[in-house]
Amino acid sequence: QDLLALAMGSLVLLFIGLCCWFLNRPTLRAVAFPLGFLVFLAPLPLFVENGLEIFLQHGSSIVAQGVFQLIGTPVFRDGTVFHLPGFTMQVAPECSGIHSTLALFITSLIAGHVLLRSNRNRAILTLAVLPIALLRNGLRVTIIGELCVRIGPEMINSFIHRHGGPIFFILSLVPFTLLLFLLIKTDRKGIPPAQPTA
């Protein structure tokens, strides 16, 4: 994976360098976003991927602990391990939600570029991906834990655990879309009215 990341990253940089050499400034400005977007052709280096997984693991665990306490379920958290009434579970690296978080991050970049004019609003939309991702994953952990406590430990192998990722990704699009509409409205308010032409 590291070799592929290095090879694809080098290819992308070579292509960007050629564009900078042959294209004029107005054209470069026009294609700056698509050129920058090419970085997603390269996979993440392993140390970056592992760092993101660990961060999302622990962040999701903290959120899940807060939700458990909010709904009144007794819980003791030891890192990413949850001790619940009659059941213990761990938020594994595979449950960090890194792939859906990256998908939401890419979606935020495209939506911001296409639908928003203000760089500030684009940054807000992109930065909002992290809390939305942590809340989504923390909620998923809480729901799985509650099912295991209320119904039985066999729920750890239920559909919502094994194949529920797309469902929670769609749910995370709800606050994302609401924020996007709000930012679009503020963007339009900030646009000066068109001056009449002679």
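Up top is the structure these notes are about.
Residues numbered from 1 in each chain as written. Predicted model: local features only at pLDDT ≥ 70, side-chain atom pairs only at ≥ 80, totals over all residues. Heavy atoms only, no water.

Caption draft 1: Examining the layout of surface pockets more closely. Here the largest pocket is characterised by a volume of approximately 470 Å³. In terms of lining, the largest pocket is formed by 20 residues, of which the most central are Phe-40, Leu-44, Leu-52, Leu-102 and Phe-105. When residues of the lining of the largest pocket are traced back to their parent elements, those giving at least two are α1 (2-22), α4 (46-71), α5 (98-115) and α7 (129-150). No other element matches the six residues that α5 contributes to the lining of the largest pocket. For the lining of the largest pocket, the per-class residue count stands at 15 nonpolar, four polar and one charged. One number sums up the size of the second largest pocket: a volume of about 250 Å³. Along its surface, the second largest pocket is lined by 16 residues, and Gly-97, Ile-98, His-99, Ser-100 and Arg-140 are the ones closest to its centre. Those elements that place two or more of their residues in the lining of the second largest pocket are α5, α7 and α9 (165-189). Per-class residue counts for the lining of the second largest pocket are six nonpolar, six polar and four charged. (1 Å grid on protein atoms, 1.4 Å probe; cavity = no way out; pocket = protein on both sides within 12 Å on 5 of 7 lines; lining within 4 Å. Points joined across faces, edges and corners; volume = space filled by probe spheres on them. Helix = DSSP H or I, 4+ residues; strand = E, 2+ residues; numbered from the N terminus. Nonpolar A, V, L, I, M, F, W, Y, C, P; charged D, E, K, R; others polar.)

Caption draft 2: Region of interest: the sheet that holds strand β3 (residues 87-90). Read from one edge to the other, the open sheet built from three strands follows the order β1-β2-β3, with strand pairing classed as antiparallel. The strands lining the two open edges of the sheet, one partner per strand, are β1 (76-78) and β3. Going from strand to strand, the sheet's axes swing by 20° on average, the running direction of each strand aside. Bridge analysis of strand β2 (residues 81-84) against β3 gives four bridges, and the strand direction is antiparallel. Its bridge partner being in β3, Phe-82 is matched across the sheet by Met-89. (Pairing = 2+ DSSP bridges. Axes fitted to C-alpha atoms, helices over the stretch in contact; angles between N-to-C directions.)

Caption draft 3: The packing of helix α6 (residues 119-127) against α7, seen in detail. For the pair α6 and α7, interaxial distance at closest approach is 4 Å and the crossing angle is 20°. On the basis of their axis angle, the class for α6 and α7 is roughly parallel. Taking contact as the criterion, the partners of Leu-125, Thr-126 and Leu-127 in α6 are, on α7, Val-129, Leu-130 and Pro-131. Of the residues belonging to the contact of α6 with α7, the class tally is five nonpolar, one polar and no charged. (Parallel < 35°, antiparallel > 145°, perpendicular 65-115°, else oblique. Contact = heavy atoms within 4.5 Å.)

Caption draft 4: Focus on the pairing of β2. By the alternation rule, side chains of β2 split into Phe-82 and Leu-84, which are all buried, and Val-81 and His-83, of which none is buried. Both β1 and β2 contribute to a ladder of three bridges, which runs antiparallel. By the bridge assignment for β2, Phe-76 is matched with His-83. Here β1 folds back onto β2 in antiparallel fashion, the turn holding two residues, of which Gly-79 has a positive phi close to 70°. Here β2 folds back onto β3 in antiparallel fashion, the turn holding two residues, of which Gly-86 has a positive phi close to 75°. (Buried < 20%, exposed > 50% of the residue type's maximum accessible area, 1.4 Å probe, protein only.)

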